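Fold and geometry: a report
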Amino acid sequence: MASARHRPGAPLNRRGPLTGLLGGSFNPAHGGHRRISRFVIDALTLDEVWWLVSPGNPLKPKAGMAPLPARLVSAQRQARGARIRASAMEREFGTRYTVETLAAILRRWPKRRFVWLMGSDNLAQFHQWKDWRRIARMVPIAVIARPGYEGAAMASPAMAWLGRYRRSAASLSHGCDWSAPALVLLRFDPDPRSATAIRRADPSWASRMSISSLRDGVTHSRVN
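As a starting point, this report considers the structure included with it.

**Comments concerning helix α4 (residues 98-108)**
- The buried fraction of α4 amounts to eight of the 11 residues, a majority that puts the element mostly inside the structure.
- The complete set of buried residues in α4 reads T98, V99, T101, L102, A103, A104, I105 and L106.
- The secondary structure elements touched by the buried residues of α4 are β2 (18-24), β3 (48-53), α3 (89-93), β5 (113-119) and α6 (132-138).

The following block contains the structure:
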């Protein structure tokens, strides 16, 4: 497993399926999540993307957050028919921070190759994440441009540190030099859909999610 002592730029020496990890509240999941995931699958030649439906983001307010099972169901519905799997593994692992979740994932699936996916809005605040440099040493990071955030992302403390490790999308997709830290910047046509707008238009959306016999899309554990 990659650790905090991993030497920057050193090969991670992992083989196996190439998997993108997209974390978020998915409150609810919507077509924009699906579209951007399919774009990244093509851009990086990923085998699949795992949506990590968070029990709770430490950087986001809890007000208006639907229960985890309802958010997971919404994610599983959006993932149907695509190379996307929705998971609530963070609750199963008992982790709260991304660095802890990544460590648990790398322990459990040591033969997979992972790429952390985030929007440029998250890159702008990445330096506020717990042990963010350790995260960058654990897996490559792909950042998808989001309108209105590129200036803040490019001027962020995280970009100042990560910029020296910038790589092409092809270098990750072909696995020719699999190492971390590594930063890939991807451009994506803006998608107007947002979870905030959906909640405003339909405040009771979560009450219509059927959560009986709900199982995690990756670990297959029951989710209550």
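From this point, the discussion proceeds with the structure in view.
**Overview of the packing of aromatic side chains**
- Tallied over the full model, the rule gives nine aromatic pairs.
- Plain terms: the ring middles of W50 and W109 are 4.9 Å apart, the flat faces sit at 70 degrees to each other, and that makes the pair edge-to-face. Residue W50 is located in strand β3, and its partner W109 is located in the loop between α4 and β5; the two are separated by 59 residues in the primary sequence. W109 carries the same exposure label as W50, and that label is buried.
- Ring geometry for W132 and W161: centres 5.6 Å apart, planes at 85 degrees, overall edge-to-face. Residue W132 is located in helix α6, and its partner W161 is located in helix α8 (residues 157-162); the two are separated by 29 residues in the primary sequence.
- Take W132: its relative accessible area is 7%, and that puts it in the buried class.

**Re the pattern of salt bridges**
- Taken as a whole and assessed by the stated rule, the structure comprises seven salt bridges.
- Across the pair R35 and D191 runs a salt bridge whose closest N-O atoms are separated by 3.2 Å. Of this pair, R35 sits in helix α1 (residues 31-44) while D191 sits in the loop between β8 (183-186) and α10 (195-201), and the two are 156 residues apart along the sequence.
- The residue E48 makes a salt bridge to R85 at a minimum N-O spacing of 2.8 Å. Residue E48 is found in strand β3, and its partner R85 is found in strand β4 (residues 84-87); the two are separated by 37 residues along the sequence.
- Judged by relative accessible area, R85 falls into the partly exposed class, the value being 23%.
- Counted as one network, the salt bridges with shared partners bring together R35, D191 and R193.

**Digging into the pairing of β5**
- Burial analysis of β5 places seven of its seven residues in the buried class, the great majority of the element.
- Burial of the side chains of β5 extends over both faces: R113, V115, L117 and G119 are buried on one face and F114, W116 and M118 on the other.
- Inspection of the sheet shows β2 paired to β5 by five bridges, in the parallel sense. Note that in β5 the partner of T19 across the bridge is F114.

**Considerations on the sheet that holds β2**
- One open sheet accounts for six strands, arranged β4-β3-β2-β5-β6-β8; its pairing is parallel. Of all the strands in the sheet, just β4 and β8 have a single pairing partner and so form its edges. Averaged over all pairs of adjacent strands, the angle between their axes in this sheet comes to 25 degrees, without regard to strand direction.
- Helix-sheet contacts for α4 involve β2, β3 and β5, and the interaxial angle to β5 is about 155 degrees.

**Let's talk about unusual backbone geometry**
- A cis geometry characterises the amide bond from N27 onward to P28, with omega recorded as 0 degrees.
- If you trace the backbone, P28 turns up in the loop between β2 and α1.
- Put simply, A180 and P181 share a cis peptide bond, and its omega is 5 degrees.
- Within the secondary structure, P181 sits in the loop between β7 (179-180) and β8.
- Unlike most non-glycine residues, F26 shows phi in positive territory, near 50 degrees.
- Mapped onto the fold, F26 is located in the loop between β2 and α1.

Criteria and thresholds
Residues numbered from 1 in each chain as written. Predicted model: local features only at pLDDT ≥ 70, side-chain atom pairs only at ≥ 80, totals over all residues. Heavy atoms only, no water. Buried < 20%, exposed > 50% of the residue type's maximum accessible area, 1.4 Å probe, protein only. Helix = DSSP H or I, 4+ residues; strand = E, 2+ residues; numbered from the N terminus. Contact = heavy atoms within 4.5 Å. Phe/Tyr/Trp six-rings, centres within 6.5 Å; stacked < 30°, edge-to-face > 60°. Salt bridge = Lys/Arg side-chain N within 4 Å of Asp/Glu carboxyl O. Pairing = 2+ DSSP bridges. Axes fitted to C-alpha atoms, helices over the stretch in contact; angles between N-to-C directions.

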